[in-house]
Amino acid sequence: MKKMKAAVLNKPLDIEVKEINIPEPKENEVLIKVQCIGVCGSDVHYYEHGKIGRYVVEEPLILGHELAGDIVKAGSQVENLAAGDRVAVEPGVVCGTCEYCKSGRYNLCPEVQFMATPPVDGAWSEYVTIRSDFAFKIPDQMSYEEGALIEPLSVGIHAMQRGKVHPNDKMLITGLGPIGLLAIKAAKIFGVNEIYCSDVVPYRRELAKKFGATKVFDPTQDNIHEEIEKATAGSGLDIAVETSGNGRAVQDALTITKRGGRIVLVGLPASSEIPVDITHIVDSEYDIHGVFRYANSYPTAIQAIGSQDLGLEDVITHKYRLDNIKEAVETAVNQKDTSIKIMIYP
C-alpha cells in the first residue's frame, strides 16, 4: 500500500512524524488530501497530559480534527461528492439512528466516533477518510484555512443557537482564546452588534477589538459589572457566553447577566464543581445552557463565510509544516499569551 506521513502521539510529550499506510475509503466514505488542519486546545491537552476526562491515550494516536482539503477518491456508494471537490470536514461521525440523531441533536449521540478522541485517530496526516455526509463542499473563493476554521467557528454558532440569540441582544463573552474570538464572529453572523468581552491577556483583548468587540475588559483590573452597567446605560446584559472554563468567569456570568437573561456555558473548568448562588439563579429566572461541540452548523458557517468577509484568518497566528509538528505543539504549550490558532500544512 502507498504510504503517507502522519504525526503520531506515542505518549504525553512524545510526538513524531511516521510513515503509515494511506487509508482506503469504505463504500460510503471519501479519501481526502488534507490541505490544512488546526491545532485545538484538546490536541494540546492530550499532548501534555495524555487524557481529557474519561478519554485516555492508551496507545499511539493521531491528533487533529479541524481540517479542509481535496477529495481524491470516493467510495462506490458515494453520490454527493466526487474526486476534485474541495471540502471542510465535520469530525464527529454519528450513528444516525439513535433518539439524539433522529431529534437533530446528533452531537449527543453515544456512538459518536470523533476524530482525535481516543481511540479514534485524527487527521494530522497527509490523507484521511470520513463518511461522505460529514464532508461539506466549500466554494472556490473560500480558502482552505477558512474551511478548517469552520470547526471551531461551529462551536460559537451552536452557542448562539443554544442561547436563542437575537440581533438586539447585549452580549458578554468571557475568555478570548480561539473559541471566544470566533464566538464574536458567530455573534456577528446572528446580527449582534453590542458585544462585550473579557480576558486576562492583553494580546487577546486587542484581537477582540479587531474582531468587532464593542468594549473589552481585564477581569483582574476592571469591575466588569459596573463597567457594563455604565456602557449599557443600566439596561444590563441579555446573554453571557462563557468560553474560558475559569471558575470566576462562570460565577461572573451567573451574576452579571440581568434577570430573565440567558447564560451559555462552553468552557470546561479544571474542577467539575464550582460554587454558584442558586438563590440568585432562581430569583433571576435564568435560562442556562450547556454546549457540547455543535450540530447542524456547517451549512450555516459555509453560507456566512461565503456571503461576507468575516476575517476568520485573523485568528491564525502561526503556521507549520507537518514535519515540524513538535515545534508547533510546543508553541501552543509555551506561548499561550501570543499564540491563538496554529495551522498545520501536511
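Residues numbered from 1 in each chain as written. Predicted model: local features only at pLDDT ≥ 70, side-chain atom pairs only at ≥ 80, totals over all residues. Heavy atoms only, no water.

The name an unreviewed UniProt entry gives the protein chain is Sorbitol dehydrogenase, with Oceanobacillus oncorhynchi as the organism. Comment text from UniProt for the protein chain, heading Sequence similarities (unreviewed entry), reads "Belongs to the zinc-containing alcohol dehydrogenase family." For the record of the protein chain, the UniProt heading Cofactor (unreviewed entry) holds the text "Zn(2+)". (UniProt positions renumbered as here; feature names shortened; annotations may be inferred.)

Engineer: Can you tell me about a nonpolar patch on the surface, naming the residues and giving the values?
Structural biologist: On the surface, Val 276, Ile 278 and Val 282 cluster together into a nonpolar patch covering about 270 Å² of accessible area. Structurally, the position occupied by Val 276 is in the loop between strand S17 (257-265) and helix H8 (278-284). Residue Val 276 is classed as partly exposed on the basis of its relative accessible area of 35%. (Patch = residues over 30% accessible without salt bridge, like charges linked within 9 Å, V, L, I, M, F, W, Y side chains within 5 Å. Areas by Shrake-Rupley, 256 points an atom, 1.4 Å probe, with all protein chains shown as cover. Salt bridge = Lys/Arg side-chain N within 4 Å of Asp/Glu carboxyl O. Helix = DSSP H or I, 4+ residues; strand = E, 2+ residues; numbered from the N terminus. Buried < 20%, exposed > 50% of the residue type's maximum accessible area, 1.4 Å probe, protein only.)

Engineer: Pulling in residues and values, what's your account of the sheet that holds strand S2 (residues 14-21)?
Structural biologist: Spatial strand order, S2-S1-S6: three strands in an open sheet with antiparallel pairing. Of all strands in the sheet, those bounded by a partner on one side alone are S2 and strand S6 (61-62). Sheet topology places strand S1 (residues 3-11) next to S2; eight bridges connect them, and they run antiparallel. Each residue of the ladder has a partner; that of Ala 6, found in S2, is Lys 18. (Pairing = 2+ DSSP bridges.)

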